[in-house]
Amino acid sequence: MENDKWYTKLLAALLLILLSPLILLFLAGACIDILFRRPREKKEYENSPYYKQFKQKFHLGIVDLAEYRVYNSVTRRSLPIEYKCVSDDLDYFVYNDTLFLLSYYDQLEWDDENKKWLIAYDGDLFDFEDGFSKVKEQLQYTGDMPVKLFIERQMIDVDDLTATPLPDDVYVTWSYDDALEYDDNPFMKKLPTTTGELFDKMLKIPDLCGELELDGDIIKWRLYDGYLVELSLDGSDGYVSIDKKINIIHWIPLQFELCDAVLKMGARGNVLVIRSGLFSSKTLYCGKKADCPYTPEQKPLLGKLYFLETV
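Here the structure is a predicted model, which is why all the values come from computation and not from measurement.

(A) Inspection of the overall build of the chain at higher detail. Helix and strand counts for the chain come out as six helices and 16 strands. Seen through its principal axes, the chain has C-alpha atoms that stretch 75 × 60 × 45 Å. A total of 311 residues make up the chain; the buried ones form 39% of that total. The positive charge centre, built from 36 side chains, and the negative charge centre, built from 53, are 8 Å apart in the chain.

Below, the structure written as structure tokens:
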């Protein structure tokens, strides 16, 4: 028995020695990420409408919070809202005589066995009706306006919402970053899962810029002057490529990310900014030209900056 314990400890020690370089590499990578991420996020945060209004202390990850993203989106577009922080984990805003709650839930999931919606939070699942009732109690609202939970589309784990209708107490916006802006798009009720479905839905997007062609399993989208955008989708895995004689950039977005890119790239007056380097390229910005932090005149230290405008 003692020999077994000694042998086990020796194996554990050897395993630790073998894995220590990987552990150190992981820790070094995490530290480097934080060192670069923190100043970038802090600068973004301190220049935001949210910080100017609420003056909350900066912390890593604050730019990913629902309240931060929604408030910045609606205020930059000057939507007539009344916004209020109730607590650290509950904000709300009033728009068009409806009170919209921003809570801390992670996801809305459909329980097919019991035919009901569940709320996911911190690794646990709760009945939607019970969870939402508790949030409304925390709000202590006694007025006459309808109260709805405000969530973004990618928080719902169901592709087809026509088959599983949402509770009446839920309002789905396409994205917190563009709150209340793309909510009537054809992807909202049913996300596409094939290139053919993506093509059909793109044809139904009002005022989508560019010319579309379905060539086998590839969508050819002549969107920018002299550039060809190619798209494909297989289940939850997408593909985007932008070429002008040579490939400028390509990436592999998830299903929702691909649909979101289509909406933003194809909207008139939006811009796509790409930094192309010797070994890799990166999308720096995609959205409204007025909010773009880059200009066509900018010259990066390395590589080339592409400033593509949808007209």
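(B) Broad picture of the sheet that holds strand 16 (residues 304-309). Ordered by their spatial adjacency, three strands build an open sheet running 15-14-16, and the pairing between neighbours is antiparallel. Looking at which strands have only one partner, the edges of the open sheet turn out to be strand 15 (281-288) and strand 16. The mean angle between the axes of side-by-side strands here comes to 15 degrees, regardless of whether they run parallel or antiparallel. Where strand 14 (residues 270-276) meets strand 15, seven bridges bridge the pair, whose relative direction is antiparallel. Residue isoleucine 274 lies in a different strand from strand 15, and its bridge partner there is threonine 283.

(C) Highlighting the layout of surface pockets. Reported here for the largest pocket is a volume of approximately 2,200 Å³. The wall of the largest pocket is formed by 44 residues, among which Glu44, Leu284, Tyr285, Cys286 and Pro293 lie closest to the centre. Where the lining of the largest pocket is concerned, the elements lending two or more residues are helix 1 (2-46), helix 3 (66-76), helix 6 (255-265), strand 14 and strand 15. Here the lining of the largest pocket takes seven residues from strand 15, the largest share from any one element. Its residues assigned to classes, the lining of the largest pocket comprises 15 nonpolar, 10 polar and 19 charged. Empty space within the second largest pocket amounts to approximately 440 Å³. Around the second largest pocket, the lining comprises 25 residues; the ones closest to its centre are Leu65, Ala66, Glu67, Ser103 and Tyr104. Only helix 3, strand 1 (82-87) and strand 2 (90-95) provide two or more residues apiece to the lining of the second largest pocket.

(D) The arrangement of the side chain of serine 73 in detail. Inspection of the secondary structure assignment puts serine 73 in helix 3. A relative accessible area of 7% places serine 73 in the buried class. Engagement of the side chain of serine 73 in a polar contact is seen with the backbone nitrogen of alanine 179, the distance being 3.0 Å. Setting aside residues up to four positions removed in sequence, serine 73 forms contacts with Tyr176, Asp177, Asp178 and Ala179.

(E) Quick peek at helix 6. Most of helix 6 is tucked away, with 10 of its 11 residues classed as buried. Among all positions of helix 6, only Gln255, Phe256, Leu258, Cys259, Asp260, Ala261, Val262, Leu263, Lys264 and Met265 are buried. In the core, the buried residues of helix 6 are packed alongside helix 5 (195-203), strand 10 (218-222), strand 11 (228-234), strand 12 (237-244), strand 14 and strand 15.

(F) Up close: the sheet that holds strand 6 (residues 124-127). Pairing is antiparallel across the open sheet formed by three strands, whose spatial order is 4-5-6. Across the chains shown, the open sheet's two edge strands, defined by having one partner strand only, are strand 4 (107-111) and strand 6. On average, each strand axis in the sheet is tilted by 40 degrees relative to the strand beside it, whichever way the strands run. Bridge count between strand 5 (residues 116-121) and strand 6: four bridges; the pairing is antiparallel. When the sheet's bridge partners are listed, tyrosine 121 is paired in strand 6 with aspartate 124.

Conventions and cut-offs
- Residues numbered from 1 in each chain as written.
- Predicted model: local features only at pLDDT ≥ 70, side-chain atom pairs only at ≥ 80, totals over all residues.
- Heavy atoms only, no water.
- Helix = DSSP H or I, 4+ residues; strand = E, 2+ residues; numbered from the N terminus.
- Buried < 20%, exposed > 50% of the residue type's maximum accessible area, 1.4 Å probe, protein only.
- Lys, Arg positive; Asp, Glu negative; His and termini not counted.
- Charge placed at Lys NZ, Arg CZ, Asp CG, Glu CD.
- Pairing = 2+ DSSP bridges.
- Axes fitted to C-alpha atoms, helices over the stretch in contact; angles between N-to-C directions.
- 1 Å grid on protein atoms, 1.4 Å probe; cavity = no way out; pocket = protein on both sides within 12 Å on 5 of 7 lines; lining within 4 Å.
- Points joined across faces, edges and corners; volume = space filled by probe spheres on them.
- Nonpolar A, V, L, I, M, F, W, Y, C, P; charged D, E, K, R; others polar.
- Polar contact = N/O pair within 3.5 Å; in protein donor to acceptor, adjacent residues only side chain to side chain.
- Contact = heavy atoms within 4.5 Å.

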